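Okay, here's what each chain looks like letter by letter:
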Amino acid sequence: MKRSTKKRWVYFGIGTGTVALSFFCVLASSLLFRAGENSLYNRQNYEVVNIISSEGLGEPLSIETRLELFEQCQVEGDKREPLPKEINEDAAVDKALILWNEALLTHADGNGVMPSGDYVSDLIDRASVTVTLRDFYNQDSSAKLALWCVQVYCTSGTEDETYCLSTQLDSRTGEPYTLNCALFSNVLPDNNRKGIESFCNALGVTDVDVSGATIDWQEEGAIIRLTLPSGMVVSKSCRYGQEYTFTLFYQQ
């Protein structure tokens, strides 16, 4: 055998051995990894944690956690389209219109006439709506909360004012985190507890006893608070002759 031929066979052997050794190392590493993975995943405590975690996968956070995010996330993002698990624009508008209709009805008498003299039916028929979906951010962290921002409004037929309801709804559940309603001359001391029940219903809380709400009188209005069985507090802040605002928080 010639010297050049021997060199070729030596180089071929070295190359083949290197490739075979590489494959062997990869195979050995893979087998060791699988053995370690099986020893971890087959443990009883891991299986229990994994089952519990998978049950809540993709579910919305608790209302308490989301309210904390709502307080933290004050930077407004751009308008965007809803994702598959978020309620669509029509659903958000429907929820806001229900709140608008009930706000008008709770301030009217048995004939559907408000203290201002407006007929509720007229205000409902003439109502206009604007709606946007935005992400709200916290400047100091990566926290983010998506909200439908809906405004329903209508010009009064008896006074030179535009009645308006603005609410921010959870993008997935449709729960209102806050609601502001400007009804001007219709916001009176006699109506302090009006609207609390319908706001609670929008949160999914029924059979609310509004007689248990406390009233803290202010210089130009009042703050009415109702503590729900869950520990969540519904607060209604009234400015008589102007507006009222609903906010939510958990009692410390």
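All of these numbers come straight from a predicted model, not from anything done at the bench.

1. Quick notes on unusual backbone geometry
Consideration 1: The backbone of F184 shows a phi angle near 50°, a positive value even though the residue is not glycine.
Consideration 2: Checked against the element boundaries, F184 lands in the loop between strand 5 (176–182) and helix 6 (196–202).
Consideration 3: The backbone phi angle of D207 is positive, close to 55°, even though this residue is not glycine.
Consideration 4: Tracing the sequence through the fold places D207 in the loop between helix 6 and strand 6 (214–217).
Consideration 5: Classification of D207 by relative accessible area gives exposed; the value is 79%.

2. Considerations on the sheet that holds strand 9 (residues 243–250)
Consideration 1: Read from one edge of the open sheet, 9 strands run 1-2-3-4-5-9-8-7-6, paired in antiparallel fashion. Looking at the sheet topology across the chains shown, the edges are occupied by strand 1 (75–79) and strand 6. With strand direction ignored, the average angle separating the axes of adjacent strands in the sheet is 20°.
Consideration 2: Bridging between strand 8 (residues 232–239) and strand 9 involves 8 bridges; their strand directions are antiparallel. Along strand 9, the bridge assignment pairs S235 with T247.

3. Some points on helix 4 (residues 89–106)
Consideration 1: For helix 4, which comprises 18 residues, the first-to-last C-alpha distance of 26 Å matches the rise-based estimate of 26 Å (1.5 Å per residue) to within 8%.
Consideration 2: Looking at helix 4, one finds that the buried residues are A92, V93, A96, L99, W100, A103 and L104. Down the axis, helix 4 shows its buried residues gathered within 135° of arc, on one side only.
Consideration 3: Capping of helix 4 at its N-terminal end is provided by N88; its side-chain oxygen lies 3.3 Å from the backbone amide nitrogen of D90.

4. A short note on the environment of K95
Consideration 1: Note that K95 resides in helix 4.
Consideration 2: Given a relative accessible area of 32%, K95 falls into the partly exposed group.
Consideration 3: When near neighbours in sequence (up to four residues on either side) are disregarded, K95 contacts I87, L169, T173 and G174.

5. Here we look at the nonpolar core
Consideration 1: Ranked by size, the top nonpolar core spans 55 residues in total, and within it W148, L179, L183, M232, V234 and Y244 carry the most contacts.
Consideration 2: Each residue touching V234, except ones within four places of it in the same chain, is listed here: F199, C200, L203, I224, R225, L226, L228, F246, T247 and L248.

6. Concerning the pattern of salt bridges
Consideration 1: Tallying each qualifying case throughout the model produces 6 salt bridges.
Consideration 2: Where E76 meets R134, a salt bridge forms, and the shortest distance between an N and an O atom there is 3.7 Å. In this pair, E76 is assigned in strand 1 and R134 in strand 2 (residues 128–137), connecting sequence segments 58 residues apart.
Consideration 3: The shortest N-O distance in the salt bridge between R80 and D135 comes to 2.8 Å. With R80 in the loop between strand 1 and helix 4 and D135 in strand 2, the pair connects residues that are 55 residues apart, well separated along the chain.
Consideration 4: For D135, a relative accessible area of 9% gives the class buried.

7. A word on the confidence of the model for the protein
Consideration 1: Averaged over every residue, the pLDDT of the protein is 87; residues scoring 70 or more account for 87%.
Consideration 2: When the criterion is pLDDT under 50, residues 44–57 qualifies, and its contacts beyond four places in sequence or with other chains add up to 4 contacts.

8. Some points on the environment of L104
Consideration 1: Mapping L104 onto the fold places it in helix 4.
Consideration 2: Separated by 16 residues in the primary sequence, L104 and V120 place their C-alpha atoms 6.1 Å from one another.
Consideration 3: Those residues in contact with L104 that lie beyond four places of it in its chain are M114, V120, L123, I124 and L183.

9. Looking at the side chain of S156
Consideration 1: Along the chain, S156 turns up in the loop between strand 3 (144–155) and strand 4 (162–170).
Consideration 2: S156 gets classed as buried once you look at its relative accessible area, which sits at 8%.
Consideration 3: A polar contact of 3.1 Å, which involves the side chain of S156, links it to the backbone nitrogen of E159.

10. A word on helix 3 (residues 63–72)
Consideration 1: Looking at helix 3, one finds that the buried residues are I63, R66, L67, L69 and F70. Across the axial projection of helix 3, the buried residues extend over an arc of 160°, all falling on one side.
Consideration 2: Its buried side turned inward, helix 3 meets strand 3, strand 4, strand 5, strand 8 and strand 9.

The rules behind the values
Residues numbered from 1 in each chain as written. Predicted model: local features only at pLDDT ≥ 70, side-chain atom pairs only at ≥ 80, totals over all residues. Heavy atoms only, no water. Helix = DSSP H or I, 4+ residues; strand = E, 2+ residues; numbered from the N terminus. Buried < 20%, exposed > 50% of the residue type's maximum accessible area, 1.4 Å probe, protein only. Pairing = 2+ DSSP bridges. Axes fitted to C-alpha atoms, helices over the stretch in contact; angles between N-to-C directions. Expected span 1.5 Å × (residues − 1). Arc of directions from axis to C-beta. Polar contact = N/O pair within 3.5 Å; in protein donor to acceptor, adjacent residues only side chain to side chain. Contact = heavy atoms within 4.5 Å. Core = buried A, V, L, I, M, F, W, Y, C linked by side-chain atoms within 4.5 Å. Salt bridge = Lys/Arg side-chain N within 4 Å of Asp/Glu carboxyl O. pLDDT = per-residue confidence, 0-100.

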